[in-house]
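Here's the letter readout for the chains.
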Amino acid sequence: ILMKIITIIGARPQIIKAAALSRAISTSFSNEITELIVHTGQHYDQNMSEVFFDELRIPKPTINLNIGSGSHGKQTALMIEEIEKILVKEQPKALVVYGDTNSTLAGTIAASKIHIPIIHIEAGLRSFNKRMPEEINRIMCDHASTLLFSPTKSGYQNLINEGFKEQNKSPFTSDRPGIYHCGDVMYDNSLYFSELSAKTSTLIEDLDLTKNKFILATVHRNDNTDVKENLTAIFESFINIAKNHNETIVLPLHPRTEKMLISVLANDLYKEVLSNPNIKIIEPVSFLDMIALEMHSKMIITDSGGVQKEAFFFKKPCIILREETEWVELVECRSAKIVGTNKSFFIEAYLEFKNNSSLKFPKLFGDGKAAEFICKQLLKSI
């Protein structure tokens, strides 16, 4: 009998993460596992969801709940209600969730109440900042899960520090969960998608960029976009680098960030950003185009967790526009620096990376076969 699992996705990065597992199932485990993909509709922007499935050769969701955005409470509550109905009807052997979004939390709550085992991929990651909604989501999800797959050693250690036991044996339950350090499904993906991107993306040529001669930047976190001082400091730093160091900065702009630039930045700063020829603000790009930008940039500046890691996968120094990171390994091996929104730290990090050609990128994220490992453990343990 095929093991039926339901995978919950909702935000753009989860769609991509889930692709690694779907690919492993279809290439190596199609006789043993069947997967039903439920998209909550948490990200409902046409560009950010629909086009992905085609471009990345990802199976389309079996069910789309079309929940869209709303307050955290309202959005999560609607998802719980709808996911519960699906779980009751489908009776899967397990529910798979990724990362730390409201969709992850909603799936976890719905499954835990009706005793369906939860598989958490990207378990154990901690920013140690509970003001981040994602931190609450990931902690609650970990502590309700039956199988936890951590992409990093530090994530695995965090679980042990929180009382998870390495010596638990199968069959696992939510009271006696199994924890694994398995490598990162996004590393699996980066190997696969960088090949696909090299064949299909023409963005570098379209934007008339010189390979390894531009900086890629992304800004989307509320702490940065919605706080005037923070957004101002970030864009003043961009102007400094573009003007005083003659750097080209490519900035694919999230729709919300674009809205905030107009309403939050002082008018003269906003005009300066728009009129500086070295700052190229572009529409949000597809995932394969994003990979092309990452692969061919010389440095990456971001507040996105996923982009920090992709910078590392493609051996690019990374400036992190946050006060902390879940990917502490990147900072420890000195290929990434946390600057928050401090302008002098920002410029210091830029100068250091600009003049440093001896950065190291050790193999921290596994062997590119994390998804296969997860499938094998699933079949053994549930």
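Right above here is the structure, for reference.
A. Fine view of the pairing of strand β1 (residues 3–9). Judged by how many residues are buried, β1 sits mostly within the fold: 6 of 7 residues are covered. For β1 and strand β2 (residues 33–39), the ladder comprises 7 bridges, and the chain directions are parallel. The residue of β2 that forms the bridge with K4 is T34. As for the winding sense of the linkage, the β-α-β connection from β1 through helix α1 (residues 12–28) to β2 is right-handed. For β1 and strand β4 (residues 94–98), the ladder comprises 3 bridges, and the chain directions are parallel. Looking across to β4, one finds that T7 is bridged to V96.

B. Just the sheet that holds strand β3 (residues 63–64), in detail. Overall, parallel pairing links the 7 strands, which are arranged β3-β2-β1-β4-β5-β6-β7 in an open sheet. Edge positions in the sheet fall to β3 and β7 (178–181), since each of these pairs with one other strand and no more. Set on the sheet, helix α3 (residues 72–90) makes contact with β1, β2, β3 and β4; between it and β1 the angle comes to about 170°. Sheet strands touched by helix α4 (residues 102–113): β1, β4 and β5 (118–121). Its angle to β4, the strand with the most contacts, is close to 160°.

C. Region of interest: the nonpolar core. Within the largest apolar cluster, 99 residues are counted, with the highest numbers of intra-cluster contacts made by I5, L21, F193, F235, F238 and L293. Of all the elements, α1 adds the most residues to this core, at 8 residues. Setting aside its immediate chain neighbours within four residues, I5 contacts L21, I25, I33, T34, E35, L36, P92, A94, V96 and L378.

D. How the structure looks around the packing of α3 against α4. Where α3 meets α4, the axes come as close as 8 Å, and the angle between the chain directions of the two elements is 45°. It follows that α3 is oblique to α4 by the angle criterion. Pair α3 / α4 crosses with right-handed handedness. The segment α3 lies against α4, with H72, Q75, T76, M79, I80, I83, E84 and L87 engaging N102, S103, L105, A106, G107, I109, A110 and A111. The class makeup of the residues in the contact of α3 with α4 is 9 nonpolar, 6 polar and 1 charged.

E. Expanded view of the pairing of β5. By the alternation rule, side chains of β5 split into I118 and H120 and I119 and I121, which are all buried. In this structure, β4 lies alongside β5, joined through 4 bridges in parallel fashion. Opposite L95, over in β5, you have I118 as the bridge partner. In terms of handedness, the path from β4 via α4 over to β5 forms a crossover that is right-handed.

F. Seen up close, the packing of aromatic side chains. The tally for this structure, following the rule as stated, stands at 13 aromatic pairs. The interplanar angle of 85° and the centroid separation of 5.1 Å between the aromatic rings of F235 and F238 together place this pair among those described as edge-to-face. Note that F235 and F238 are positioned in helix α10 (residues 228–244) at a spacing of 3 residues, about one turn of the helix. A centroid spacing of 5.9 Å and a plane angle of 65° characterise the contact between W327 and F365, whose relative ring orientation is edge-to-face. With W327 in the loop between β12 (318–320) and α15 (328–332) and F365 in the loop between α16 (343–354) and α17 (370–381), the pair connects residues that are 38 residues apart, well separated along the chain. Note that R23 overlies the ring of Y192, its terminal NZ or CZ placed 4.0 Å from the centroid. Above the face of the F193 ring, R23 is positioned so that its terminal group lies 5.4 Å from the ring centre.

Parameters at a glance
Per chain, residues are indexed from 1 in the order of the written sequence. Residues qualify for local features only when their pLDDT is at least 70, as the model is predicted, and side-chain atom pairs are given and counted only at 80 or more; totals for whole chains, interfaces and linings, by contrast, use all residues. Values reported for side chains reflect all heavy atoms of the structure, with hydrogen atoms and water molecules removed beforehand. A simple rule labels every residue: compare its accessible area, found with a 1.4 Å probe on the protein chains alone, to the largest value its type can have, and call it buried under 20%, exposed over 50%, or partly exposed in between. Counting from the N terminus, the helices are the DSSP runs of H or I reaching at least four residues and the strands are the DSSP runs of E reaching at least two. Between any two strands, at least two bridges found by DSSP are needed for them to pair. The crossover handedness rule: strands pointing away from the viewer, path from first strand over the helix to second strand clockwise, crossover right-handed. Throughout, a residue-residue contact means that at least one pair of heavy atoms, one from each residue, lies within 4.5 Å. Note on definitions: angles span 0 to 180 degrees between N-to-C directions of axes, and those axes are lines fitted to C-alpha atoms, for helices only across the stretch in contact. Put simply, buried Ala, Val, Leu, Ile, Met, Phe, Trp, Tyr and Cys residues joined by side-chain atoms within 4.5 Å make one nonpolar core. Should an angle fall under 35 degrees it is called roughly parallel, over 145 degrees roughly antiparallel, and 65 to 115 degrees roughly perpendicular, with every other angle called oblique. Put simply, a crossing is left-handed when the front helix is turned counterclockwise from the back one by less than a right angle, and right-handed when it is turned clockwise. Charged means Asp, Glu, Lys or Arg here, nonpolar means Ala, Val, Leu, Ile, Met, Phe, Trp, Tyr, Cys or Pro, and polar covers whatever is left, Gly included. Between the rings of Phe, Tyr and Trp (Trp by its six-membered ring), a pair exists once the centres lie within 6.5 Å; its type follows the angle of the planes, with under 30 degrees stacked, over 60 edge-to-face, and the other angles tilted. Two conditions define a charge located above a ring, namely a distance within 6 Å from the ring centre to NZ of Lys or CZ of Arg, and an angle within 35 degrees of the ring normal.

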